[in-house]
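Architecture at a glance
Next come the chains, spelled out residue by residue.
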Amino acid sequence: MELTSYDYTVLYRVFSRLLKAKLGLTLIDLNGNGKPPLPPFVALDIISPKIPNNFLEDDSVFEAVVSFTIYAKSKLEALNLCNQVRSLFKLTSSRDIFKKNEITLVEMMATQGRYVEETNNYAYMYGFDARLRLIEPTVDDVGTIETINLGGR
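Described in the following lines is the structure provided in the data block. Quick caveat, the model's predicted, so the values are computed rather than measured.

This paragraph deals with the pattern of salt bridges. A complete count under the given rule lists four salt bridges for this structure. One salt bridge in this structure joins Glu63 and Arg133, with 2.6 Å as the shortest N-O distance. On the criterion of sequence distance, the pair formed by Glu63 in strand β3 (residues 61-72) and Arg133 in strand β7 (residues 121-135) is long-range, its members being 70 residues apart. Among the charged side chains, a network of salt bridges with common partners joins Glu63, Arg131 and Arg133.

Quick look at the structure:
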């Protein structure tokens with residue numbers, strides 16, 4: 001029996017390609033290993049990976065909340081890029097890419113300043129969270145039904 005679960009690397013791949021192609025921004029995993037690129041760049045964090053779509057949790061559709069944080073060299077650059085990312089996600093062409101990858105952008109929360117003091121400097125950051133609707137892959141371990149006996153014959 002093969003067990004399946006949602007592959008979250010799909011989110012990183014889709015958003016990374018879109019941000020690079022349309023805005024020239026690199027996407028990284030927030031708190032991931034390795035040295036971050038020079039700003040500006042975008043960090044993605046999966047905050048709530050699996051929120052059931054109904055109370056029975058028997059549906060293959062579920063939701064996740066992800067966070068996008070834009071790091072930049074200045075406060076205004078971070079804010080402007082954050083607004084550009086939000087606008088990019090609203091475009092029909094972006095929605096088509098999301099649909100092709102079975103991602104539905106349900107909601108984008110408000111933009112927030114996200115500042116952290118870093119060794120005598122400030123990292124200039126703005127970001128927002130987004131609620132996504134995703135589909136869990138399913139497999140059936142019953143197999144193929146080849147014959148059906150009706151009436152006990």
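Further notes follow.
Turning next to the side chain of Glu63. Residue class for Glu63 comes out buried when judged on its relative accessible area of 6%. A polar side-chain atom of Glu63 sits 2.3 Å from a polar atom in the side chain of Arg131. For Glu63, the side chain forms a polar contact with the side chain of Arg133, separated by 2.6 Å.

Quick look at the environment of Met109 now. Among the structural elements, Met109 can be located in the loop between β4 (104-108) and β5 (112-113). Owing to a relative accessible area of 26%, Met109 belongs among the partly exposed residues under this scheme. Counting along the chain gives 42 residues from Met109 to Ser67, while the straight-line C-alpha distance between them is 9.6 Å.

The tendency in soluble globular proteins is for nonpolar side chains to be buried side by side. Membership of the largest hydrophobic core comes to 32 residues, with the highest contact counts inside it found for Phe68, Phe89 and Ile103. Every element with two or more residues in this core is listed here: α1 (9-23), β2 (41-52), β3, α2 (75-90), β4 and β7. Ignoring any residue separated from it by four or fewer positions in sequence, one finds Phe68 in contact with Phe15, Val42, Ala43, Leu44, Phe89, Arg114, Tyr126, Gly127, Phe128 and Ala130.

What counts and what doesn't
- Residues numbered from 1 in each chain as written.
- Predicted model: local features only at pLDDT ≥ 70, side-chain atom pairs only at ≥ 80, totals over all residues.
- Heavy atoms only, no water.
- Salt bridge = Lys/Arg side-chain N within 4 Å of Asp/Glu carboxyl O.
- Helix = DSSP H or I, 4+ residues; strand = E, 2+ residues; numbered from the N terminus.
- Buried < 20%, exposed > 50% of the residue type's maximum accessible area, 1.4 Å probe, protein only.
- Polar contact = N/O pair within 3.5 Å; in protein donor to acceptor, adjacent residues only side chain to side chain.
- Core = buried A, V, L, I, M, F, W, Y, C linked by side-chain atoms within 4.5 Å.
- Contact = heavy atoms within 4.5 Å.

Honestly, that's just the spatial picture; any functional story needs more than this.
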